[in-house]
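So the chains spell out like this:
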Amino acid sequence: MVDAAISVPPVAGLSCAAVPGTLAVDLAWTNPATYEEIEIRRDAATVYNGVPIVSFRDSSAGPGAHTYAVIGRRLGVSSGAATCAVTVPVPPPGGVACTQVADALRVRLSWVNPVGYDSVRIARDGAQLGAFPPVSPVEDAVLACGSYTYSIRGVVGGVESAPVPCVAGVTLTPRPVVGLACAQVADALQVTLSWTNVGSVDGIEILRDGVRLALSGAVQSYADTVPAQGGYPYSVV
């Protein structure tokens, strides 16, 4: 009796592709023979070993470069390994928005995590603000009114997604001072004014009889020398 060697051909047309918006990989191929078993390996580790199939989604692939091997078996004999390589990117955050917190020098950033990020990295005008827990929203304090460009990246396993930009305009609505009081300095042609600023104030304008006397920083008092005795209306803006 002569034993005939069994030859098992490898799978044909193996392809692998990252699934957009996920950290998964789809594999597909053709079985040129009747296999009893298929084994799939990712980076030399078995991720499937079972009944013959012609496609497989590896949902636990994760980010980075991966090499897959698919092996067919029949009567205990393994085929050669068909291989393919793929790089899985970290999908960027979705729904990114930057909005000013009402009447404040703060910007609220919000987004949607398409996958389970380890963290998010946020930059303002190209300068990194740091890594943050992947919980939306996050607020950023700015120093002045103006336009700010932010970018948000998702991070998984040390691999960053592409950045997603957004722009926020920050403005403040001036609010009237409160508690304005005017009093003559005893036996002098001088009037002292005092008040309380409300909110963030860059400057104060002081007027007597509608004429500007001074334009100062965020002061809360002023001394005015009047030209003569009489009544004088003041306003502080």
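As shown above, the structure is provided for reference.
So, a few notes on the structure that sits alongside this text.

Conventions and cut-offs
- Residues numbered from 1 in each chain as written.
- Predicted model: local features only at pLDDT ≥ 70, side-chain atom pairs only at ≥ 80, totals over all residues.
- Heavy atoms only, no water.
- Pairing = 2+ DSSP bridges.
- Helix = DSSP H or I, 4+ residues; strand = E, 2+ residues; numbered from the N terminus.
- 1 Å grid on protein atoms, 1.4 Å probe; cavity = no way out; pocket = protein on both sides within 12 Å on 5 of 7 lines; lining within 4 Å.
- Points joined across faces, edges and corners; volume = space filled by probe spheres on them.
- Nonpolar A, V, L, I, M, F, W, Y, C, P; charged D, E, K, R; others polar.
- Core = buried A, V, L, I, M, F, W, Y, C linked by side-chain atoms within 4.5 Å.
- Buried < 20%, exposed > 50% of the residue type's maximum accessible area, 1.4 Å probe, protein only.
- Disulfide = S-S within 2.5 Å.
- Axes fitted to C-alpha atoms, helices over the stretch in contact; angles between N-to-C directions.
- Polar contact = N/O pair within 3.5 Å; in protein donor to acceptor, adjacent residues only side chain to side chain.

## Some thoughts on the pairing of strand β1 (residues 12-18)
For step 1, the next point in the chain: Pairing geometry for β1 and strand β2 (residues 25-30), over five bridges, is antiparallel. Along β2, the bridge assignment pairs Ala18 with Val25.
For step 2, the next point in the chain: In sequence, β1 turns back onto β2 through a hairpin of six residues, with Gly21 there showing a positive phi of about 75 degrees.

## Observations regarding the layout of surface pockets
For step 1, the next point in the chain: One number sums up the size of the largest pocket: a volume of about 290 Å³.
For step 2, the next point in the chain: Residue lining of the largest pocket: 16 residues in total, with Pro174, Arg175, Ser200, Val201 and Gly203 positioned closest to the centre.
For step 3, the next point in the chain: Considered class by class, the residues forming the lining of the largest pocket number 10 nonpolar, three polar and three charged.

## As for the nonpolar core
Across soluble globular proteins, you tend to see nonpolar side chains buried next to one another.
For step 1, the next point in the chain: Counting residues in hydrophobic clusters, the biggest one holds 41 residues, and the most contacted among them are Leu27, Trp29, Ile38, Ile40 and Tyr150.
For step 2, the next point in the chain: One finds Ile204, Ile206, Val226 and Val236 within the second-largest nonpolar core, a separate group that totals nine residues.

## Let's talk about the state of the cysteines
For step 1, the next point in the chain: If you walk through the whole model with that rule in mind, you get two disulfides.
For step 2, the next point in the chain: Here Cys16 engages in a disulfide with Cys84; their sulfurs sit 2.4 Å apart. With a gap of 68 residues between them, Cys16 in strand β1 and Cys84 in strand β8 (residues 82-88) connect regions that are remote in the sequence. Cys84 matches Cys16 in its accessibility class, with the two residues each being buried.
For step 3, the next point in the chain: The disulfide that involves Cys98 links it to Cys166, with 1.6 Å between the sulfurs. Of this pair, Cys98 sits in strand β9 (residues 94-100) while Cys166 sits in strand β16 (residues 164-170), placing them 68 residues apart in sequence.

## Examining the sheet that holds strand β19 (residues 204-208)
Whether parallel or antiparallel, the strands of a sheet pair through hydrogen bonds between backbone atoms.
For step 1, the next point in the chain: Strand order in the open sheet formed by three strands is β20-β19-β22, and the pairing between neighbours is antiparallel. Strands at the two margins of the open sheet, each flanked by one partner only, are β20 (211-216) and β22 (234-236). For this sheet, the mean inter-axis angle between neighbouring strands, taken without regard to orientation, is 15 degrees.
For step 2, the next point in the chain: Bridge count for β19 against β20 is five bridges, and the pairing is antiparallel. When the bridges of β20 are listed, Ile206 appears paired with Ala214.

## Points about the pairing of strand β17 (residues 178-184)
For step 1, the next point in the chain: Across five bridges, β17 lies against strand β18 (residues 190-196) in antiparallel orientation. Bridge pairing in β18 places Ala183 opposite Thr192.
For step 2, the next point in the chain: Joining the antiparallel neighbours β17 and β18 is a turn of five residues, in which Asp187 adopts a positive phi near 55 degrees.

## Looking at the environment of Ser60
For step 1, the next point in the chain: Structurally, Ser60 is set in the loop between β5 (55-58) and β6 (64-74).
For step 2, the next point in the chain: With a relative accessible area of 54%, Ser60 lands in the exposed category.
For step 3, the next point in the chain: For the pair Ser60 and Arg41, spaced 19 residues apart in sequence, the C-alpha separation works out to 12 Å.
For step 4, the next point in the chain: Engagement of the side chain of Ser60 in a polar contact is seen with the side chain of Arg42, the distance being 3.1 Å.
For step 5, the next point in the chain: Polar side-chain contacts of Ser60 include one of 3.2 Å to the side chain of Asp58.

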